[in-house]
Amino acid sequence: VEQFAGNLLQLLSETSGDKYIAMSATAYESLNETQKKRLLKHNKDLIFSSLSTIEGLGGGSARCTIAEIFLPKQVVIAGDPFGCSGDRNFPKFKF
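Read on for a plain summary of the structure. Counting of residues starts from 1 at the beginning of each chain's written sequence and follows it residue by residue. In keeping with the predicted nature of the model, local features appear solely for residues at pLDDT of at least 70, side-chain atom pairs appear and are counted solely at 80 or more, and the whole-chain, interface and lining totals rest on all residues. Working from all heavy atoms in the structure, the side-chain values ignore hydrogens and water.

### Some thoughts on the overall build of the chain
Strands here are runs of E lasting at least two residues and helices are runs of H or I lasting at least four, both read from the DSSP assignment and numbered beginning at the N terminus. A count of helices and strands for the chain gives 4 helices and 5 strands. Along the chain, helices and strands appear, N-terminal first, in the series β-β-α-α-β-α-α-β-β. Here the term buried applies to any residue with accessible area under 20% of the maximum for its type, exposed to any over 50%, and partly exposed to those in between, with areas from a 1.4 Å probe on protein chains only. Taken across its 95 residues, the chain has 23% of its residues classed as buried. Computed with a 1.4 Å probe, the accessible areas rest on the Shrake-Rupley method; for each residue, only the protein chains presented here act as cover. Roughly 7,200 Å² of accessible area belongs to the chain as shown, and the carbon and sulfur atoms make up 55% of that amount.

### Comments concerning the packing of aromatic side chains
Note on aromatic contacts: the rings of Phe and Tyr and the six-membered ring of Trp form a pair at centre separations within 6.5 Å, being stacked when their planes are under 30 degrees apart, edge-to-face when over 60 apart, and tilted otherwise. Applying the stated rule across the entire model yields 1 aromatic pair. Geometry around Y28 places K36 over its ring, the cationic atom sitting 3.9 Å from the centre. Think of it as a cone above the ring: NZ of Lys or CZ of Arg counts as a charge over the ring if it is within 6 Å of the ring centre and within 35 degrees of the ring normal.

### Focus on the side chain of N43
With respect to the helices and strands, the residue N43 is situated in the loop between helix 2 (33-41) and strand 3 (45-49). Identification of polar contacts relies on pairs of N or O atoms within 3.5 Å, with a donor-acceptor requirement for protein atoms, meaning one able to donate a hydrogen and the other able to accept it, and with residues adjacent in sequence counted only if both atoms are side-chain atoms. Within polar-contact distance, the side chain of N43 engages the side chain of Q10 at 2.6 Å. Reaching out from N43, the side chain makes a polar contact with the backbone oxygen of L39 at a distance of 2.7 Å. Those residues within four positions of N43 in sequence are excluded, and the remaining contacts are Q10, K19, Y20 and I21. In this description, contact between two residues means that some pair of their heavy atoms is separated by no more than 4.5 Å.

### Description of the pattern of salt bridges
By definition, a salt bridge exists where a carboxyl oxygen of Asp or Glu is found within 4 Å of a side-chain nitrogen of Lys or Arg. Taken as a whole and judged by the stated rule, the model has 2 salt bridges. Here K44 and D18 are joined by a salt bridge, their closest N and O atoms 3.9 Å apart. Here the residue K44 occupies a position in the loop between helix 2 and strand 3, and D18 occupies one in the loop between strand 1 (9-12) and strand 2 (19-24), the gap between them amounting to 26 residues. Given a relative accessible area of 55%, K44 falls into the exposed group. Between E33 and K36 there is a salt bridge, with its nearest N and O atoms 3.6 Å apart. Here E33 and its partner K36 are both found in helix 2, 3 residues apart, which amounts to about one turn of the helix.

### Remarks on the environment of I54
Position of I54 among the secondary structure elements: in helix 3 (residues 52-58). On the basis of relative accessibility, which here comes to 35%, the residue I54 falls in the partly exposed class. Here the alpha-carbon distance between I54 and C64, two residues 10 residues apart in the chain, equals 9.1 Å.

### Things to note about the environment of I47
On the secondary structure map, I47 appears in strand 3. C-alpha separation for the pair I47 and Y28, spaced 19 residues apart in sequence, amounts to 8.7 Å.

The following block contains the structure:
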């Protein structure tokens, strides 16, 4: 926890369905080979980057820098992404 390994986040690719673990370089370097292999059993890859400024000054890490969005998918009208138009003859797309 002191090396931010508890601040990792699992990410899911919408296109491939693959799972990834995002973490700081500090967290990655604190894991031993057995822990890394265990994470890789359930995830396609471990992604890490230096977040030393955030960890040193802000006290947070990878999880604190990634926005988690759990909103349901919505139908968006082409040409009117904010639903401001009264004309509903636009083609509809699902994201």
